Amino acid sequence: MGMMLLLLGWNNSLAQNGKLIFTPHWIPQAQFAGYYVAVDQGFYKDNGLDVDIVHSTANIASLDLLKNGDADIVSSFMLDAIEQRANGVPLVNIGQLSQHSSLMIVTKRKSGIDTYQKLHTKKLGIWSNGFEDVPLAFMQEHGIKMDLIRILQTVNLFLMDGVDALLVMYYNEYDQINNCGIDEDELNTFFFSDFNLDIPEDGIYCMEESLKSKGSAYAGFLKATLKGWEYASEHREYALDLVIGEMNKAHLPNNRVHQRWMLEKVLAMMEPGKKKVMKGQLLKLDFERAMEVFKMAKGTQGYQTFGYEQFYHPSAKGLK
Amino acid sequence: MNRNRLSFKIIVRVLLFCFILGGSIFTIYYLFARKTIERESRENAIHLAESTVYKIEEIINPAEMIPGNLAWIIENNTLSRDSIYAFLRQLVRNNKSVFAAAIAFEPYLFSQERYAFAPYAYRSGDEILNRDLWSPAYNYFIMDWYQIPALLRKPYWSEPYFDEGGGGVLMTTYSVPFYTNTNNSRVFTGIITIDISLEWLTEIVNSVKIFETGYAFLISGNGVYVTHPNASHIMNQTIFTYAKEVNEPVIREIGRDMIGGESKLSNVNLKEMGNVWIYHTKIPSSKWSLGVVYPHREMYAGLRSLNIMIFLLSVMALTLLTIVTIRIINRQIRPLSRFAKAARNIAGGNFDTELPVVEENHEMKELHDSFRYMQEELANYIADLKETTSAKEKIESELRIARGIQIDMIPHIFPPFPNLPEIGLYASLESATEVGGDLYDFFPIGDDHFCFAIGDVSGKGVPASLFMAVTITLIRSMSDKNRSCSEIVQSVNKTLTINNESNMFVTLFVGILNLQTGELQYCNAGHNPPVLLNCDREPLMFRNTKAIPVGIFGEIDYCNETMILDPSDQIFLYTDGITEAEDADKNLFGEAALMKALTENRDKSPKELTDRVKQSVKEFVNGHMQSDDITMMCITYRGKNGNKIK
């Protein structure tokens with residue numbers, strides 16, 4: 001614990017110098033293009049920040065790094081953050097980037113599963129590390145029971161017909177399937193957003209207590225990040241160059257076609273759509289629906305309860 | 001060169017033909033060569049792909065047997081649990097293609113105390129180490145290499161991956177489910193895997209060389225490039241992302257066929273490489289697929305350079321051919337224009353014109369000889385012609401003289417007897433040829449008789465004219481006071497018949513008019529009957545006699561006939577040249593037309609009358625050639641002492 005405090009203190013001192021460690025919640029990919037752009041374009045520096053992007057891995061979640069004090073600020077899937085908060089980790093949302101859900105279930109058209117009712121009793125490939133709340137809530141709301149097959153991350157089991165349906169992100173695995181030679185018209189899709197489960201996903205989180213000392217730095221971070229995303233949207237090929245560079249640095253297989261798809265879809269999710277929301281803002285309605293989903297998926301027992309105001313601390317002015 | 005010249009035309013035609021012939025031969029050759037190259041390339045592509053697959057399978061197949069054998073060993077309890085690590089290490093050591101091997105157990109199936117156990121032996125440098133794969137951070141139950149064969153209960157070749165522990169080399173894992181027999185039932189117990197480095201695979205595929213830019217490539221079951229000449233594609237791109245990146249939907253289709261395990265040859269047009277053959281075939285063990293790309297551009301490159309060479313040679317050959325043809329043809333036909341010039345000279349009468357010299361013995365020589373022959377024949381002919389012409393001219397001149405003599409033999413001064421007021425007379429003779437056989441004559445006998453005769457000798461020309469001359473001489477000599485017309489005719493007949501070997505004869509009308517009385521005695525030996533005219537009466541034709549012409553039979557009696565002429569009576573005598581004058585349609589003038597002309601002009605003087613009749617005949621024949629002599633004589637009896645002069 002002494003070490004932890006020392007580490008935190010060290011971090012604090014860095015933060016005071018404008019140094020921030022930011023950890024995206026997955027390996028480098030176009031999902032985080034805005035952050036790379038903000039660094040490369042010096043938007044963080046313009047706000048007096050020295051941001052270091054340290055990626056999490058498949059084995060260690062960004063929220064764990066935040067909890068451990070290895071990161072000042074992280075991005076995370078909102079329902080994962082809610083779970084952490086319900087588990088007593090005092091983290092707060094300081095900006096919500098994605099306003100929509102990209103989670104979906106795909107089936108092969110040849111399987112004949114073309115309505116959600118037919119998903120009943122079928123095998124669903126689902127990640128072992130999170131993202132299960134929405135599908136669980138979906139099943140509960142529609143009275144469907146599915147055989148959940150936990151998988152690590154590839155779509156291979158689905159391609160080999162080891163499962164009937166697969167939980168995927170529209171911006172990622174859906175395109176991966178397509179990139180393995182399955183045409184879009186060979187797939188049936190079930191977007192959760194079409195089932196009143198349009199739960200926002202990627203947001204920016206920090207520990208509540210760090211707000212006091214680093215609040216202004218976080219505000220600068222959010223502002224520069226939003227600017228980075230805006231710039232990425234306007235200069236997509238440039239943003240993709242940065243993404244590919246990051247992926248190469250991490251020795252990750254990559255191709256521009258897939259990253260371009262991802263960038264487009266991630267940018268689309270940041271648009272308000274029909275929601276009356278500003279960029280970076282978390283709607284109370286969305287938070288409350290997410291809490292409902294969490295409770296449906298996980299129950300309430302053993303979890304702390306908290307409200308919108310406790311969870312959401314908009315660091316940028318005018319977002320509330 | 002003049003475009004109208006024969007040499008130009010021959011050269012153009014010859015060259016055109018050569019061009020078409022050459023073009024046709026070249027086209028046939030090109031299509032045939034192209035087809036052959038195409039067929040061979042296609043066969044090569046298939047053969048190359050299949051032999052590469054065979055090489056790959058030669059390595060994979062033995063490796064594929066390892067987990068199967070191991071599964072059998074475990075299932076039959078021949079492997080003691082304590083020696084698992086040692087066994088695995090030995091297995092890796094003994095199989096060079098195997099980088100690592102593992103036996104991963106289902107939860108609690110290795111032992112009831114152990115949730116998970118996955119003994120694993122692997123190469124590390126020259127050593128072979130071992131460890132348990134399981135850790136909370138490495139939950140192998142959800143790893144593809146375990147989960148997929150475990151769920152599908154069948155062997156599984158993993159997607160290729162870069163193994164960080166193995167020095168970042170490209171690897172694949174082959175997983176086989178294994179079973180144990182518990183309580184007489186076969187229970188799925190776990191997965192046996194071997195990791196195989198794919199370096200050898202890359203080497204095999206990369207060693208395939210197809211021209212300059214052709215290549216072979218290998219994709220995994222997901223379409224991921226396992227080998228590709230462009231290293232950045234390997235493990236980064238699938239064939240489908242590549243298809244999207246270069247916007248070639250056809251590549252996506254090929255990719256789908258490939259991961260579908262099809263063997264197929266496709267001819268596709270790629271933006272980067274142009275037309276290419278792509279043949280792909282599956283690798284039976286791993287279900288991966290190998291493709292070979294044959295670029296047309298290079299496939300036909302040899303043919304193309306050959307074509308350029310042939311084209312250049314053809315151009316050179318054609319140029320050479322043109323020059324040589326021009327020279328040969330010009331040389332061969334140059335004499336022709338000289339012949340033409342010579343012909344013109346010859347035509348101009350210069351028969352001594354020098355002919356072009358032709359040395360070789362061919363058609364030109366023949367032409368030369370023919371020209372020479374023509375030249376000589378023409379010269380001869382012209383010489384003959386000159387001779388003939390002069391002979392003809394001589395004859396013509398003689399004939400002209402003969403005609404003069406003949407004309408001189410018949411009286412041709414009118415009025416003939418100005419001192420004979422009782423008689424008005426006019427006669428005319430027009431020969432069809434230079435000399436004719438018609439005759440007329442008149443002369444007084446004593447003081448009061450007037451003899452006249454008209455005749456027509458059979459035949460024409462000189463014989464007829466001679467016969468006519470004889471006849472007219474005989475008539476003159478036979479006529480005297482004491483002889484009647486018939487006696488005159490008889491005498492003439494007798495004389496003419498003697499020695500008339502050529503059987504000529506003459507129709508003859510002889511009349512003696514008594515100027516005092518107007519009595520006309522006449523004898524008609526087969527001649528056209530004369531016409532009696534008077535302006536107060538219709539013309540009257542003399543009766544036809546049956547007496548035959550003179551000169552045929554000597555002993556024939558001719559008889560006299562008599563009639564009295566009134567003063568102003570006219571006698572119109574003529575030969576058959578009048579009545580048998582023909583127009584172009586062979587219609588004869590005839591007696592009726594004669595009578596009509598005489599009727600219309602009966603009041604005219606003898607000269608006018610004969611002129612009018614001649615005019616009528618002329619109008620009738622309308623320019624048609626006169627075939628017979630036309631002779632007319634008109635005598636007006638004016639009565640005693642010419643009392644009644646018209």
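Residues numbered from 1 in each chain as written. Chains lettered and ligands numbered in written order. Predicted model: local features only at pLDDT ≥ 70, side-chain atom pairs only at ≥ 80, totals over all residues.

J.: Provide a residue-level description of the overall build of chain A, including the pertinent values.
T.: Within chain A one finds 13 helices and ten strands. When burial is assessed residue by residue, chain A has 50% of its 320 residues classed as buried. (Helix = DSSP H or I, 4+ residues; strand = E, 2+ residues; numbered from the N terminus. Buried ≥ 20, exposed ≤ 12 C-beta atoms within 10 Å, placed from the backbone.)

J.: Can you explain the overall build of chain B? Please cite residues and give values.
T.: Looking only at helices and strands, chain B features 14 helices and 22 strands. Out of the 646 residues in chain B, the part that is buried amounts to 35%. Once local pairs closer than 6 in sequence are excluded, the contacts in chain B between residues at least 24 apart make up 63%. (Contact = placed C-beta atoms within 7 Å.)

J.: Explain the interface of chain B and chain A to me, and be specific about the residues and the numbers.
T.: Across the contact, 22 residues belong to chain B and 20 residues belong to chain A. Contributions of two or more residues to the side of chain B that touches chain A are made by α3 (144–152), α5 (239–245) and α6 (249–259) of chain B. Considering each element in turn, the side of chain B that touches chain A owes the most residues, five residues, to α3(B). Residue composition of the side of chain B that touches chain A, by class: nine nonpolar, eight polar and five charged. (Nonpolar A, V, L, I, M, F, W, Y, C, P; charged D, E, K, R; others polar.)

J.: Any details on helix α5 (residues 78–86) of chain A? Residues and values, ideally.
T.: An α-helical turn contains 3.6 residues, so a residue and the one three or four places further along point in the same direction. Of all the positions in α5(A), only M78(A), L79(A), D80(A), A81(A), I82(A) and R85(A) are classed as buried. Immediately beyond the C-terminal end of α5(A), within one or two residues, lies G88(A), with a positive phi of roughly 100°.

J.: Go over the sheet that holds strand β15 (residues 449–457) of chain B with me, naming the residues and quoting the values.
T.: Residue and element names in this part refer to chain B. Spatially, five strands are ordered β14-β15-β16-β17-β20 in an open sheet, and the strand pairing comes out antiparallel. Where the open sheet ends on each side, the last strands, each with one partner, are β14 (438–445) and β20 (561–564). Adjacent strand axes in the sheet meet at a mean angle of 15°, parallel and antiparallel pairs treated alike. Bridge count for strand β17 (residues 519–525) against β20 is four bridges, and the pairing is antiparallel. Note that in β20 the partner of Q521 across the bridge is T562. Packing against the sheet, helix α11 (residues 485–497) makes contact with β16 (506–514) and β17, and its axis sits at approximately 150° to β16. (Pairing = 2+ DSSP bridges. Axes fitted to C-alpha atoms, helices over the stretch in contact; angles between N-to-C directions.)

J.: Would you mind going over the sheet that holds strand β2 (residues 50–53) of chain A in detail, with residue names and values included?
T.: Residues and elements named next belong to chain A. The five strands are arranged β2-β1-β3-β10-β4 in an open sheet whose pairing can be described as mixed. In this open sheet, the two edge strands, each paired with only one partner strand, are β2 and β4 (91–96). Strand-to-strand twist across the sheet, computed as the mean angle between neighbouring axes with direction ignored, equals 30°. Note: strand β3 (residues 73–77) against strand β10 (residues 202–207), four bridges, orientation antiparallel. Within β10, the residue paired with V74 across the bridge is Y205.

J.: Describe in detail the confidence of the model for chain A, supporting the description with residues and values.
T.: Residues of chain A with pLDDT of at least 70 account for 92%, and the chain-wide mean is 90. Low pLDDT, under 50, characterises residues 1–15 of chain A; the stretch is placed with twelve contacts to residues that sit more than four places away or in other chains. (pLDDT = per-residue confidence, 0-100.)

J.: A description of the packing of helix α1 (residues 6–75) of chain B against helix α4 (residues 199–206) of chain B should follow, citing residues and the corresponding values.
T.: Residue and element names in this part refer to chain B. Put simply, α1 and α4 touch, their axes get as near as 10 Å, and they point 165° apart. Relative to α4, the element α1 is oriented roughly antiparallel. Relative to α4, α1 is oriented so that their crossing is right-handed. In this structure, α1 contributes T52, K55, I56 and I59 to the contact, and α4 contributes W200, L201, I204 and V205. Of the residues that constitute the contact of α1 with α4, the class distribution is six nonpolar, one polar and one charged. (Parallel < 35°, antiparallel > 145°, perpendicular 65-115°, else oblique. Left-handed = near helix turned anticlockwise from the far one by under 90°.)

J.: Run through the pairing of strand β7 (residues 185–197) of chain B, naming residues and quoting values.
T.: Residues and elements named next belong to chain B. In the sheet, strand β1 (residues 98–105) pairs with β7 via seven bridges, with the strands oriented antiparallel. Bridge pairing in β7 links V98 to I196. Bridging between strand β6 (residues 169–182) and β7 involves twelve bridges; their strand directions are antiparallel. When the bridges of β7 are listed, N181 appears paired with R186. Adjacent in sequence and paired antiparallel, β6 and β7 are bridged by two residues, among which N183 carries a positive phi angle near 50°.

J.: Residues and numbers for helix α2 (residues 84–94) of chain B, please.
T.: Residue and element names in this part refer to chain B. Every buried residue of α2 is listed here: L88, R89 and V92. The buried residues of α2 occupy an angular sector of 100° when projected down its axis, which confines them to one face. Away from the buried face of α2 by more than 90 degrees, exposed residues A86 and N94 are located. On its buried face, α2 is in contact with β1, β2 (119–124) and β3 (127–132). (Arc of directions from axis to C-beta.)

J.: Account for the pairing of β17(B), naming residues and giving values.
T.: For a regular strand, the rule is simple: side chains alternate between the two faces of the sheet. Counting buried residues in β17(B) gives five out of seven residues, a clear majority hidden from the surface. Between the antiparallel neighbours β16(B) and β17(B) lie four residues, among them G518(B) with a positive phi of about 85°.

J.: Which residues make up unusual backbone geometry, and what values do they have?
T.: Trans is the prevailing form of peptide bonds, just as negative phi is the prevailing case for residues other than glycine. In the segment running from F414(B) into P415(B), the intervening peptide bond is cis, with an omega of -5°. Along the polypeptide, P415(B) turns up in the loop between α9 (363–409) and β13 (423–430). One non-glycine residue with positive phi stands out, namely N196(A), at about 60°. Of note, N196(A) is situated in the loop between β9 (187–191) and β10.

J.: Give me the lowdown on the environment of L378(B), citing residues and values where you can.
T.: Residue and element names in this part refer to chain B. Of note, L378 is situated in helix α9. Sequence separation of L378 and G349 is 29 residues, and the distance between their C-alpha atoms is 9.3 Å. When sequence neighbours within four positions are dropped, the list of residues in contact with L378 reads I346 and F351.

J.: So what's going on with the nonpolar core? Residues and values would help.
T.: With 173 residues, the main nonpolar core has A33(A), F221(A) and A118(B) as its most contacted residues. In terms of residues, this core owes the most to one element, α1(B), which gives ten residues. Apart from the residues lying within four places of it in its own chain, the contact partners of F221(A) are L20(A), Y44(A), L49(A), V51(A) and I73(A). M468(B), V550(B), Y558(B) and I630(B) belong to the second-largest nonpolar core, a separate cluster that totals 64 residues. (Core = buried A, V, L, I, M, F, W, Y, C linked by C-beta atoms within 7 Å.)

J.: Explain the packing of helix α13 (residues 590–600) of chain B against helix α14 (residues 606–621) of chain B to me, using residue names and the numbers behind them.
T.: Angle between the axes and distance between the axes are the two parameters that describe a pair of packed helices. All names here are of chain B. With their axes 9 Å apart at the nearest point, α13 and α14 run at an angle of 135° to one another. Accordingly, the angle class assigned to the pair α13 and α14 is oblique. Seen from above, α13 lies across α14 with right-handed handedness. Contacts between α13 and α14 involve A593, L594, A597 and L598 from the first element and R612, V613, S616 and F620 from the second. For the contact of α13 with α14, a count of residues per class yields six nonpolar, one polar and one charged.

J.: Quick rundown of the environment of A137(A)? Include the residues and the values.
T.: As for its position among the elements, A137(A) is in helix α6 (residues 133–142). In this structure A137(A) comes out as buried when scored by C-beta crowding, with 25 C-beta atoms within 10 Å.

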